[in-house]
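Breakdown of the fold
Each chain, written out:
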Amino acid sequence: MSDKKARMGDVAALSGLSRSTVDRVLNGRSGVRGETVRRVEEAMRALGYAPSSLSARRIVQDHTVALIIPQGTNPFFEVIHEGVMKATTEEVFSGTAFQVYRYDTYVPETLMPVLAQVGDDVDAIVLVGVDNAEVNRAISEQTAAGRRVVTMVSDAPQSQRFAYVGQNNFSAGRTAARLMAAMVPPGEGEVALLLGHLQFRHLLDRMSGFRQALGMARPDLTVIQPPAYGGDPEMVRRVVHGLAARGETLRGAYLSGGGQPNLIDALSSSCTQPLTVIGHEVTPATRRALDEGRFQAVLAHDMVDVGRRAIEVALGVRCPDDADCAINIYVRDNLPT
């Protein structure tokens, strides 16, 4: 590629877009769809312009984004952290400064002091949402202060957040149900719906979608829902003990969250009957479970993509309507390396 300056007319002609639309993309103005940006980028590459000329993908300089990411015993939290951190290193964000905060998502109250630490120099906030009244108020206060707040992975729809970026979790639950319906052999039985916590909106949405779709596809299967187990090993033991006592009546289990390694291990060691188990997210624990045949499938985020989209929405260079993320389905044979 050469270092020649991109000519707007050439890019417009090749991309099939108007000069004014190309101008909006090249100058990083808000309200441009991701598909439009992609067409401009492809046209510029085809015309031989150097990557350094792709100002369309360079965020305006001197913006600061606060990234508030959970931490705790759930291995998916580290998947979130690693994916979002990788997204921040992309060329698109070369002019953006990031402040990273961690909080204990199992104790929603710990998010309020973290939000209070966000300085006046921060233009936007990206965080994993918690469906909690005090958290909703804290998010709304940040919005009132003029910051664009974007939730990712799990939403806080009762707050005044700007947008949610991530999977459609109702559809994710329905997808898990379709897989369960196809994998469980014909015949009456029960399927356990396991939730770690009740304050996460994405888990509640998955639960609703799973119940609806499984009830339609397999009326011979009854959904049972043990108490939320959280990160408490004793509660995990009690939940799994209750499931094991159901014997051959139990045909499957849906782990609607990122999964706790102790729950996965306890479930496979205590329930000796064949089970169809579907989980979420590719972590070391779920990878082992798939490799060993204890899980049949997992649904997963591409957290680099989620992080990229969330930051772009927060900075106003991607429309919220273009923020839906793919629901990836993995079995033992197609696990990412």
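Residues numbered from 1 in each chain as written. Predicted model: local features only at pLDDT ≥ 70, side-chain atom pairs only at ≥ 80, totals over all residues. Heavy atoms only, no water.

**A closer look at the overall build of the chain**
Convention followed: Here a helix means four or more residues in a row that DSSP labels H or I, a strand means two or more in a row labelled E, and each is numbered from the N terminus. Atoms counted for the radius of gyration: C-alpha only. Globule rule: 2.2 Å times the number of residues to the power 0.38. Buried, partly exposed and exposed residues are distinguished by accessible area as a fraction of the type maximum, computed with a 1.4 Å probe on protein chains only: under 20%, between the cut-offs, and over 50%, respectively. In what follows, a contact means two residues having at least one pair of non-hydrogen atoms within 4.5 Å. For every accessible area listed, the method is Shrake-Rupley and the probe measures 1.4 Å; residues are considered covered only by the protein chains on display. For the purpose of counting charges, residues Lys and Arg are taken to be positive, whereas Asp and Glu are taken to be negative. His and the chain ends are not included. The atoms used to mark charge sites are NZ of Lys, CZ of Arg, CG of Asp and CD of Glu.
Of regular secondary structure, the chain possesses 12 helices and 11 strands. Expected size for 337 residues packed as a compact globule is a radius of gyration near 20 Å; at 22 Å, the chain falls within 12% of this value. Principal-axis analysis of the C-alpha atoms places the extent of the chain at approximately 70 × 45 × 30 Å. For the chain, buried positions account for 55% of its 337 residues. Contacts in the chain between residues far apart in sequence, at least 24 positions, make up 69% of those at least 6 positions apart. Summing over all exposed atoms, the chain offers an accessible surface of approximately 14,600 Å²; the carbon and sulfur share of this is 49%. Between the mean site of the 35 positive side-chain charges and the mean site of the 38 negative ones, the chain shows a separation of 5 Å.

**Here we look at the sheet that holds strand β5 (residues 163–165)**
Threshold: Being paired, for any two strands, means DSSP has found at least two bridges between them. Lines fitted to the C-alpha atoms define the axes, with helices restricted to the stretch that makes contact. Angles between their N-to-C directions range from 0 to 180 degrees.
With respect to topology, five strands assemble into an open sheet ordered β2-β1-β3-β4-β5, the strand pairing being parallel. Only two strands of the sheet have a single partner each, and these edge strands are β2 (96–104) and β5. On average, adjacent strands in this sheet sit at an angle of 25° to one another, irrespective of strand direction. Strands in contact with helix α4 (residues 76–88) are β1 (63–71), β2, β3 (124–128) and β4 (148–152); relative to β1, the strand with the most contacts, it is inclined by about 160°.

**Focus: the confidence of the model for the chain**
Reading predicted coordinates in detail is not appropriate for stretches of low pLDDT. Under the convention used in this document: As a per-residue measure, pLDDT tells how confident the predictor is, with possible values from 0 to 100.
In the predicted model, the chain carries a mean pLDDT of 87, and 91% of its residues have values of at least 70. Per-residue pLDDT, averaged within each element of the chain, yields its smallest value for helix α2 (residues 19–26) (75) and its largest for strand β7 (residues 221–224) (98). Counting contacts from residues 54–60, a segment whose pLDDT is below 50, to residues more than four positions away or on other chains yields 23 contacts.

**Structural notes on the sheet that holds strand β9 (residues 276–280)**
Sheets are built from strands paired through backbone hydrogen bonds, the pairs being either parallel or antiparallel. Strand order in this open sheet of six strands is β7-β6-β8-β9-β10-β11, and the pairing throughout is mixed. For this open sheet the edge positions go to β7 and β11 (328–330), each flanked by a neighbour on one side alone. Adjacent strand axes in the sheet meet at a mean angle of 20° when their direction is disregarded. Of the strand pairs in this sheet, strand β8 (residues 250–255) and β9 are connected by three bridges, and their pairing is parallel. Along β9, the bridge assignment pairs Gly-252 with Thr-276.

**Side note on the side chain of Thr-286**
What counts is decided by this rule: Distance and chemistry together define a polar contact, namely a pair of N or O atoms within 3.5 Å, with one atom able to donate a hydrogen and the other to accept it when in protein, and with adjacent residues in sequence counting only for side-chain atoms on both sides.
Within the secondary structure, Thr-286 is located in helix α11 (residues 284–291). Polar side-chain contacts of Thr-286 include one of 2.8 Å to the backbone nitrogen of Thr-283. Those residues in contact with Thr-286 that sit more than four places away from it in its chain are Gly-258, Ile-264, His-280, Glu-281, Phe-295 and Val-298.

**Side note on the pairing of β1**
To be explicit about the condition: Orient the strands so they point away from the viewer; a crossover is then right-handed if the path from the first strand over the helix to the second runs clockwise.
Among the nine residues in β1, seven count as buried, and that is most of the element. Of the pairings in the sheet, the one linking β1 to β2 comprises nine bridges and is parallel in character. Paired with Leu-67 across the bridge in β2 is Val-100. Handedness of the crossover joining β1 and β2 through α4 is recorded here as right-handed. Bridging between β1 and β3 involves four bridges; their strand directions are parallel. Within β3, the position partnered with Ile-68 by the bridge is Leu-127.

**Some words on the packing of α4 against helix α12 (residues 303–314)**
Rules: Any angle that falls under 35 degrees is termed roughly parallel, while one over 145 is termed roughly antiparallel, one within 65 to 115 roughly perpendicular, and all others oblique. Two helices that cross are described as forming a left-handed crossing if the nearer one is turned anticlockwise from the farther one by less than a right angle, and a right-handed crossing if clockwise.
Running from N to C, α4 and α12 point in directions that differ by 60°, and their axes come no closer than 7 Å. Taken together, α4 and α12 sit at an angle that is classed as oblique. Helix-helix and strand crossings are classified by hand; for α4 and α12 the assignment is right-handed. Across the interface between the two elements, Phe-76, Val-79, Ile-80, Gly-83, Val-84, Lys-86, Ala-87 and Thr-88 of α4 pack against Met-303, Val-304, Gly-307, Arg-308 and Ile-311 of α12.

**Looking at the pattern of salt bridges**
Our working definition: The term salt bridge refers to a side-chain nitrogen of Lys or Arg lying within 4 Å of a carboxyl oxygen of Asp or Glu.
One pass over the full model with this rule turns up 14 salt bridges. Among the ionic pairs, Arg-161 bridges to Asp-155, the shortest N-O distance being 2.8 Å. For Asp-155, a relative accessible area of 11% translates into the label buried.

**Examining the nonpolar core**
The test is simple: Working definition of a nonpolar core: buried Ala, Val, Leu, Ile, Met, Phe, Trp, Tyr and Cys residues. They are joined through side-chain atoms within 4.5 Å.
Among the nonpolar cores identified, the biggest contains 67 residues, and Ile-68, Ile-80, Ile-125, Val-126, Met-152, Phe-210 and Leu-214 are the most heavily contacted of them. Among residues more than four places away in sequence, those in contact with Ile-125 are Ala-66, Ile-68, Leu-115, Val-118, Gln-142, Arg-147, Arg-148, Val-149 and Val-150. If you look at the next biggest cluster of nonpolar residues, it comprises 28 residues, including Leu-194, Cys-271, Val-277 and Ala-300.

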